[in-house]
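# Chains, contacts and geometry: an overview
The primary structure of each chain is shown beneath.
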Amino acid sequence: MKVIIAEKPSVARDIAAIVGASNRKDGYLEGGGYAVTWAFGHLVGLAMPEQYGFTGFQRENLPILPSQFKLIPRQVKDGKEYKPDPGTMKQLKVIKELFGKCDKIVVATDAGREGELIFRYIYNYLECSRPFDRLWISSLTDQAIRKGMENLMPGGDYDNLYASAKARSQADWIVGINASQALSLSAGHGVWSLGRVQTPTLVMICSRYLENKDFVPQPYFQLRLRTAKDATAFAAISVERYPAKAEAEELLSRVRSGEIKVVSVQKKEVRQEPPLLYDLTTLQKDMNSKYGFSADKTLSIAQKLYEAKLITYPRTGSRYISEDVFEGIYDLISTLWEHPVFGAQAVAVNNSELNRHSVNDSKVTDHHALLITGNEPKDLPDDEHKVYERIAGRMVEAFSKICIKDATAIKLECAKVLFEVKGSIIKSAGWRKVWGEQEEKDDNEATALPDLSENEMLSVRDVELLEKQTKPRQLHTESSLLSAMESCGKELTDEAEREALKESGIGTPATRAAVIETLFSRDYIKREKKSLVPTNKGLVVYLAVKEKKISDVAMTGQWESALNKIATGEMDADTFHRGIEVYATQITTELLDNKIEGGDNRESCPCPKCKNGQVTIYRKVAKCNNESCGLIVFRSKSEKELTDGQIKDLLTKGKTAVIKGFKSRESKSFDAAVTFDNDFKTIFSFPPKTGGKKKGK
């Protein structure tokens, strides 16, 4: 008899139906020479410090670096203690009995790093020595399961994948346990949670929030020039930005009476490739941008669609497919011919001219990009329908023809002021027809431009002064945060550059949603509409760790790159583990030497926001002790440290006196008072300008 072990009961039922195991037993299905059983995700995991004799949080115990990690069944909380989950113990007993009776095991947990870890931890915990093969499939259709069962792979072929998974699991344990205990000991109160990926992610959210909050808008001016040739009117914007209004107004009067000369006309044909197919992260980003779905919600829905045999494996990190998968693409697209939104575009995709932009054998990782399976979706709930439709639509886009545009860039000169305008005309929409979405146009992009030649002269129809302000980078949304995690905080718009950095991003497509959800569950971040903002608690953690090794996004990305290399056999897992132990020792020392804000006797005053709490002034912040209030004032503002007296004035009087020497982002010095806005966030209040004419009475 062979035992097949799946990750979930639903997947086990699908496989059992194919191999003829229809006889239902307690904890498994039997028949056709097979017993098909299942896990419930992670049945077995790494033991907590108590299992090694380390009780409580003791400074002298840190860092805790087990020489041999212990595996224990999944635990549940019982009062103040944890004990093995009864359901887990029952299923492990079933699995152990089946493993003991079988000739060979077929591993059918999800075909990825975590799926491999789920099986191997069960296998090792049960001290099993039976040989095993691997079922490696990218969809749960009957055809895929049959083909996979006919082409089982030797289990040993995935030893490197397991080594990577185990290294990740142990690294997260070592960093999380030691950093969390060290910070909690440093704080002297409460339990604080840090993590290998969780903490750099929190740092990205907090640093963006503070950058946005402390941003001082700087006014600037531009000129908009209106002119025309024949029947085509258009406008151009001055290339230079003018910080002084007087200078801009002087140029305005000169331009108004001037003549326009065409300096240059550049025309070129732009050929835009379609976007690559979705991997999990790009799907999550799109669903967040278009519908406000959280990353976790998108992953959960995609998993349901996968188990319903409607899409391929969702936890993929690849946006490419291989040549053999490409051979069946036209048949999949043909199932969308009747689609109400992009059916006509699916029909227009020519089998002999399929776009090969997303086809690359060398860039397919454990799984290819997300595809539909061709099975007809019936009566899907609205949210599931939206996710399925985006995957299907992206597939039609990816294999459609390129979009061809004529792009024009014109520079004009008037009264020695240089202006520019751009425009584009789509000659062949290609893939852009699928959703019919329009490109966003810049301020200086015209809807239509006339034919112009260099040195041609035009007359001024009108000119106006545009008053603008510099803007901060927007707060992170889940979409932008996923991009930042994928590219280690680097802001990239080029698709090829983003793809190149994926191997050194923080987290993986399969784990990023869980990391973000952990920050919510720890009460470190919250949502304000689509934006992610830190809570009072999250900001306190950020202040404690922002300059420490554990917050280093680039280093976390290097660890992820190393884990990928272990999976491919390019790096030794023991070398990685030794590096993590050194790193854990360093961060533990840093955090134990740290002083988290709180606890000691400091000056305090009544909270002006909630009226109930007390605001204590600490070394870096002043914060209310009422957690539901959340008032927090940072001592450092625009490169200036507020004094205790200034903070006390702000809290008791609602405003400081005018403070000299703040610095803008452009390093320009300015003077201002600090006050609260309606939401009790600190803002600048500028003194009235002097030197103007006094109004008559």
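Structure report, in brief. (Residues numbered from 1 in each chain as written. Predicted model: local features only at pLDDT ≥ 70, side-chain atom pairs only at ≥ 80, totals over all residues. Heavy atoms only, no water.)

This next bit is on the sheet that holds strand S29 (residues 669-676). One open sheet holds the 3 strands; their spatial order is S28-S29-S30, and the pairing between them is antiparallel. Edge positions in the open sheet fall to strand S28 (659-663) and strand S30 (682-685), since each of these has one partner strand only. Each neighbouring strand pair of the sheet contributes to a mean axis angle of 65°, computed without reference to strand direction. Bridge count for S29 against S30 is 4 bridges, and the pairing is antiparallel. Counterpart to valine 674 in the pairing with S30 is phenylalanine 684. (Pairing = 2+ DSSP bridges. Helix = DSSP H or I, 4+ residues; strand = E, 2+ residues; numbered from the N terminus. Axes fitted to C-alpha atoms, helices over the stretch in contact; angles between N-to-C directions.)

Here the focus is unusual backbone geometry. Put simply, leucine 62 and proline 63 share a cis peptide bond, and its omega is -5°. Inspection of the secondary structure puts proline 63 in the loop between strand S5 (44-46) and strand S6 (71-73). The phi angle at serine 638 is positive, at roughly 50°, despite the residue not being glycine. Turning to its location among the elements, serine 638 is positioned in the loop between strand S26 (636-637) and strand S27 (640-641). By relative accessible area, serine 638 is classed as buried at 10%. (Buried < 20%, exposed > 50% of the residue type's maximum accessible area, 1.4 Å probe, protein only.)

Moving on to the environment of threonine 227. Within the secondary structure, threonine 227 sits in strand S12 (residues 219-229). Each C-alpha atom, one on threonine 227 and one on valine 255, is 12 Å from the other, the two residues being 28 residues apart in sequence. If we skip the residues at most four places from it in the chain, threonine 227 touches Thr232, Ala233, Phe234, Ile260, Leu458, Ser459 and Arg461. Among the polar contacts listed, one links the side chain of threonine 227 to the backbone oxygen of serine 459, at a separation of 2.8 Å. (Contact = heavy atoms within 4.5 Å. Polar contact = N/O pair within 3.5 Å; in protein donor to acceptor, adjacent residues only side chain to side chain.)

This paragraph deals with the side chain of serine 193. With respect to the element layout, serine 193 can be found in the loop between helix H5 (159-187) and helix H6 (198-213). The exposure class of serine 193 is buried, given its relative accessible area of 11%. In terms of polar contacts, serine 193 uses its side chain to reach the side chain of arginine 522, at 3.0 Å. Once residues lying within four places of it in the same chain are set aside, the contact partners of serine 193 are Ser180, Gln198, Arg522 and Tyr524.

Here we take up the sheet that holds strand S23 (residues 614-617). The antiparallel open sheet is built from 4 strands, whose spatial order is S22-S23-S24-S25. The sheet terminates laterally at strand S22 (604-606) and strand S25 (632-634), the two strands that pair on one side only. Neighbour-to-neighbour, the strand axes of the sheet open up by a mean angle of 15°, direction not taken into account. When S22 meets S23, the two strands line up antiparallel, connected through 3 bridges. Across the sheet, the residue bridging to cysteine 605 is valine 615, located in S23. Of the strands in this sheet, S22, S23, strand S24 (621-624) and S25 touch helix H20 (residues 644-653), which is tilted by about 165° from S23.

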